[in-house]
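Listed here are the chains, written in short residue letters.
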Amino acid sequence: QALADTLPVMVIAEMLGVEDGDMGTFKAWSDEIFSNIGEILFGTPSPESERAAEEMNAYFLEQINHIRRHPKEHLLGQLVATETEDGKLDDEELLSFCRLLLIAGNETTTGLITASARIFHEEPQTLNQLKQQPDLAKSFVEEALRYYSPFSATVRRTTKEVEIAGQHVAAGELVVPLIASANRDERVFEAPDTFRIDRNPNPHLGLGFGIHVCLCAHLARLEGKIVVEQMAERYSSVNLANPKTATVGDLGGPKELAVVVS
């Protein structure tokens, strides 16, 4: 609540021009919608997620209409002013950007920060290595994204009949690719279950790839790098207050993770 939850949503909200909002409310909207993303996309969303979406849409629609009357220089202001070959973006297009940016701009980074704290607890030498060599922060972040993927799995629907590794999948079927498993693939990574702070190359899928790369990947990496640099500079130890094994399926990281620093 003090860092992993708060920092990412503050940054993306400021980029979107949120000046008067309760960050806790924005985080609650994001968490509610994201935790039900599978049902929203492929099933029946819960009443709670529908209510969160309606409240978030209403808030941003008010902001969009205000910006049309009083142009702003922030990210949302630039989106409102953008001209395409079909004209300016309409309300639904702008709202879809707001939803995507608010959720993609904080869930991934929250998972990365909690993963970093877990690694400092499990691999205490990494904190000392960062103290001695701050330039390792970048590769630490990449290895953290591989070792404890912010999203352990995703979901897709097949557009046509396909065969994967000898398994026949019919058209229109839901498929759940396990990103966390791919990031521990022994055919790709040497000693995949070992955290290597300077691993190179590191072709992990923690933030997607190609046209499916996380829209806020650069922002997540930057925030993660700054956080681990600051923790290494400020603290001699970072330990989990209630350590437990990380589990598959905790999208965006655990709901709470208390740490003891010294």
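These numbers were taken from a predicted model, which means no experiment stands behind them. (Residues numbered from 1 in each chain as written. Predicted model: local features only at pLDDT ≥ 70, side-chain atom pairs only at ≥ 80, totals over all residues. Heavy atoms only, no water.)

Novice: Residue-level account of the environment of Asp185, with values.
Specialist: With respect to the element layout, Asp185 can be found in the loop between helix H10 (179-182) and helix H11 (217-234). Asp185 sits 102 residues away from Glu83 along the chain, and the two C-alpha atoms are 44 Å apart. (Helix = DSSP H or I, 4+ residues; strand = E, 2+ residues; numbered from the N terminus.)

Novice: Describe in detail the environment of Ser262, supporting the description with residues and values.
Specialist: Position of Ser262 among the secondary structure elements: in the segment after strand S8 (259-261). For the pair formed by Ser262 and Val238, sequence separation is 24 residues and the distance between their alpha carbons is 6.9 Å. With near-sequence residues (within four places) excluded, Ser262 lies in contact with Tyr235, Ser236 and Ser237. Here the side chain of Ser262 touches Ser237 through a polar contact of 2.5 Å, side chain to side chain. (Contact = heavy atoms within 4.5 Å. Polar contact = N/O pair within 3.5 Å; in protein donor to acceptor, adjacent residues only side chain to side chain.)

Novice: I'd love a proper account of the packing of aromatic side chains, names of residues and values included.
Specialist: The tally for this structure, following the rule as stated, stands at nine aromatic pairs. Look at Phe26 and Tyr59: their rings are 5.2 Å apart centre to centre, the planes differ by 85 degrees, and that puts the pair in the edge-to-face class. Residue Phe26 is located in helix H2 (residues 23-35), and its partner Tyr59 is located in helix H4 (residues 47-69); the two are separated by 33 residues in the primary sequence. Of the two residues examined, Phe26 and Tyr59, each falls in the buried class. Ring pairing ties together the aromatic residues Phe120, Phe140, Tyr147, Tyr148 and Phe195, which thus form one cluster. Arg146 extends its terminal NZ or CZ atom over the ring of Phe189, reaching a point 5.2 Å from the ring centre. Over the ring of Tyr147 we find Arg184; its NZ or CZ atom is 4.2 Å from the centre of that ring. (Phe/Tyr/Trp six-rings, centres within 6.5 Å; stacked < 30°, edge-to-face > 60°. Buried < 20%, exposed > 50% of the residue type's maximum accessible area, 1.4 Å probe, protein only. Lys NZ or Arg CZ within 6 Å of the ring centre and 35° of its normal.)

Novice: Go over helix H7 (residues 107-122), please, and point to the residues and values.
Specialist: Over its 16 residues, H7 extends 23 Å from the first C-alpha to the last, a length consistent with the 22 Å expected when each residue adds 1.5 Å. Of all the 16 residues making up H7, 14 are buried; the element is thus mostly covered by neighbouring parts of the structure. (Expected span 1.5 Å × (residues − 1).)

Novice: Quick rundown of the nonpolar core? Include the residues and the values.
Specialist: Among the nonpolar cores identified, the biggest contains 54 residues, and Phe26, Phe60, Leu76, Phe120, Leu130 and Phe140 are the most heavily contacted of them. For Phe60, the residues in contact, after removing those within four places along its chain, are Leu16, Val18, Phe26, Leu76, Leu95, Cys98 and Leu102. (Core = buried A, V, L, I, M, F, W, Y, C linked by side-chain atoms within 4.5 Å.)

Novice: Summarise the pattern of salt bridges; cite the residues concerned and give the values.
Specialist: This model, assessed by the stated rule, comprises nine salt bridges. Where Asp193 meets Arg184, a salt bridge forms, and the shortest distance between an N and an O atom there is 3.0 Å. With relative accessibility at 52%, the residue Asp193 sits in the exposed group. Linking Lys225 and Glu229 is a salt bridge whose minimum nitrogen-to-oxygen distance equals 2.7 Å. (Salt bridge = Lys/Arg side-chain N within 4 Å of Asp/Glu carboxyl O.)

Novice: Any chance you could break down a negative patch on the surface for me, citing the residues and the numbers?
Specialist: On the surface, Glu85, Asp86, Asp90 and Glu93 cluster together into a patch of negative charge. Within the element layout of this structure, Asp86 appears in the loop between strand S1 (83-84) and strand S2 (87-88). Assessed through its relative accessible area of 71%, Asp86 is described here as exposed. (Patch = residues over 30% accessible without salt bridge, like charges linked within 9 Å, V, L, I, M, F, W, Y side chains within 5 Å. Areas by Shrake-Rupley, 256 points an atom, 1.4 Å probe, with all protein chains shown as cover. Lys, Arg positive; Asp, Glu negative; His and termini not counted. Charge placed at Lys NZ, Arg CZ, Asp CG, Glu CD.)

Novice: Run through the environment of Val261, naming residues and quoting values.
Specialist: Relative to the helices and strands, Val261 is located in strand S8. Placed 91 residues apart in sequence, Val261 and Ala170 show a C-alpha to C-alpha distance of 51 Å. Residues within four places of Val261 in sequence aside, it is in contact with Tyr235, Ser237 and Val238.

Novice: Now, about the packing of helix H1 (residues 6-15) against H2: what can you tell me, with residues and values included?
Specialist: Contact geometry for H1 and H2: axes closest at 10 Å, N-to-C directions at 100 degrees. Relative to H2, the element H1 is oriented roughly perpendicular. Facing H1, whose interface residues are Val9, Met10 and Ala13, H2 presents Met23, Phe26 and Lys27. Of the residues assigned to the contact of H1 with H2, the class counts are five nonpolar, no polar and one charged. (Axes fitted to C-alpha atoms, helices over the stretch in contact; angles between N-to-C directions. Parallel < 35°, antiparallel > 145°, perpendicular 65-115°, else oblique. Nonpolar A, V, L, I, M, F, W, Y, C, P; charged D, E, K, R; others polar.)

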